[in-house]
Amino acid sequence: MDKNGLMEQWFLRYGDDIYKFLIYYTGTRDVEDLVQDVFLKALRSLDAFEGRSQPKTWLLTIARNTAIDHKRKQRLRNWLPDKWLANVETEEKTPEEILNVHEEQQALYHAIRDVKPAFREVLILRGVKGLSSKETAEILGWSENKVNVTLHRAMKAVREILEREKKEMIGDAI
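Residues numbered from 1 in each chain as written. Predicted model: local features only at pLDDT ≥ 70, side-chain atom pairs only at ≥ 80, totals over all residues. Heavy atoms only, no water.

The protein chain carries the name RNA polymerase sigma factor in an unreviewed UniProt entry, which gives Brevibacillus brevis as its organism. Among the UniProt annotations of the protein chain, the heading Sequence similarities (unreviewed entry) holds the following wording: "Belongs to the sigma-70 factor family. ECF subfamily." (UniProt positions renumbered as here; feature names shortened; annotations may be inferred.)

Draft legend 1. The arrangement of the nonpolar core in detail. Counting 42 residues, the largest nonpolar core has Trp-10, Ile-18, Phe-21, Leu-22, Phe-39, Trp-58 and Leu-59 as its most contacted members. Listing elements by their share of this core, those giving two or more residues are α1 (3-26), α2 (32-44), α3 (55-78), α6 (103-114), α7 (117-128), α8 (133-140) and α9 (144-173). Ranked by residue count, the leading element in this core is α1, at eight residues. Counting only domains with at least three residues in this core, you end up with domain 1 (1-95) and domain 2 (101-173). (Core = buried A, V, L, I, M, F, W, Y, C linked by side-chain atoms within 4.5 Å. Buried < 20%, exposed > 50% of the residue type's maximum accessible area, 1.4 Å probe, protein only. Helix = DSSP H or I, 4+ residues; strand = E, 2+ residues; numbered from the N terminus. Domains from an automatic or database assignment.)

Draft legend 2. Representation of α2 within the structure. Helix length check: α2, at 13 residues, gives a terminal C-alpha distance of 19 Å against a target of 18 Å (1.5 Å per residue), a fit within 8%. Residues of α2 that are buried include every one of Leu-34, Val-35, Val-38, Phe-39 and Ala-42, and no others. Viewed end-on, α2 has its buried residues packed into an arc of 135°, placing them on one side of the element. Away from the buried face of α2 by more than 90 degrees, exposed residues Asp-33 and Arg-44 are located. (Expected span 1.5 Å × (residues − 1). Arc of directions from axis to C-beta.)

Draft legend 3. Representation of the packing of α1 against α2 within the structure. Where α1 contacts α2, the axes come no closer than 9 Å and their chain directions differ by 140°. As far as their axial angle goes, α2 and α1 are oblique. α2 is crossed by α1, and the crossing has right-handed handedness. Only Glu-32, Leu-34, Val-35, Val-38, Phe-39, Ala-42 and Leu-43 of α2 make contact with α1, whose side of the interface consists of Lys-3, Asn-4, Met-7, Trp-10, Phe-11, Tyr-14, Gly-15, Ile-18, Tyr-19, Leu-22 and Thr-26. (Axes fitted to C-alpha atoms, helices over the stretch in contact; angles between N-to-C directions. Parallel < 35°, antiparallel > 145°, perpendicular 65-115°, else oblique. Left-handed = near helix turned anticlockwise from the far one by under 90°. Contact = heavy atoms within 4.5 Å.)

Draft legend 4. Local environment of the packing of α1 against α7. Where α1 meets α7, the closest approach of the two axes is 10 Å, and the angle between their N-to-C directions is 145°. Both α1 and α7 take part in a crossing whose hand is right-handed. Residues Phe-21, Tyr-24 and Tyr-25 of α1 touch α7, and the partners they reach there are Arg-120, Glu-121, Ile-124, Leu-125 and Val-128. Tallied by class, the residues present in the contact of α1 with α7 amount to six nonpolar, no polar and two charged. (Nonpolar A, V, L, I, M, F, W, Y, C, P; charged D, E, K, R; others polar.)

Draft legend 5. Just α8, in detail. Among the residues of α8, Ser-133, Thr-136, Ala-137, Ile-139 and Leu-140 are the ones counted as buried. Each buried residue of α8 sits inside an arc of 165° when the element is viewed along its axis, so together they form one side. Backbone geometry just after α8 places Gly-141 at a positive phi near 75°.

Draft legend 6. Structural context of the pattern of salt bridges. Counted according to the given criterion, the structure contains eight salt bridges. In this structure, Asp-47 engages Lys-3 in a salt bridge whose closest nitrogen and oxygen atoms are separated by 3.0 Å. Within this pair, whereas Asp-47 is found in the loop between α2 and α3, its partner Lys-3 is found in helix α1, the two being separated by 44 residues in sequence. By relative accessible area, which is 63% here, Asp-47 ends up exposed. Residue Arg-72 pairs with Asp-69 through a salt bridge whose shortest N-O separation is 3.4 Å. Of this pair, Arg-72 and Asp-69 both sit in helix α3, three residues apart, roughly one helical turn. For Asp-69, a relative accessible area of 30% corresponds to the partly exposed category. In this structure, a network of salt bridges that share partners links the residues Asp-17, Lys-56 and Lys-129. (Salt bridge = Lys/Arg side-chain N within 4 Å of Asp/Glu carboxyl O.)

Draft legend 7. Molecular detail of the confidence of the model for the protein chain. On average, the protein chain scores 82 in pLDDT, and the residues at 70 or more come to 81%. Below pLDDT 50 for its whole length, residues 79-90 participates in four contacts with residues either more than four positions away or in separate chains. Low pLDDT, under 50, characterises residues 96-101; the predicted model gives this stretch nine contacts beyond four residues in sequence or across chains. (pLDDT = per-residue confidence, 0-100.)

Here's what the structure looks like:
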């Protein structure tokens, strides 16, 4: 099978996973361009893919790096004076608001969004995407032990955020 055919097959098989990962990772549903970038980068570097990991793991690694690069470029653009005010008033809805999911899921999404990036990455890859510790370690370039420890700490941080928000809601209601 040629490169284009293989990439098309992978897009059909893993495109939705990449799309959902990028939604969680970026906090916006406007990730179509990023998905396209992921598969273009994968196509360009297909010769470098040695098959030591699953294609999905390799593509998620590319997706993560693409999202990080995108965020850096956005930060740089935000420093340009004519862009400052353009970004002040935009409030995109979260993917959960758009999909009308339950309040608990929204609270969980917000808690995941509010933890530090390393925690968020592990929570998305392990908890949301259901990847193994080994796959997550490959994507992040960490040891499996670091993935497991970080996951434990991340879950504790999310739990604390949810408990704090719950107490604030109770306090506001009184």
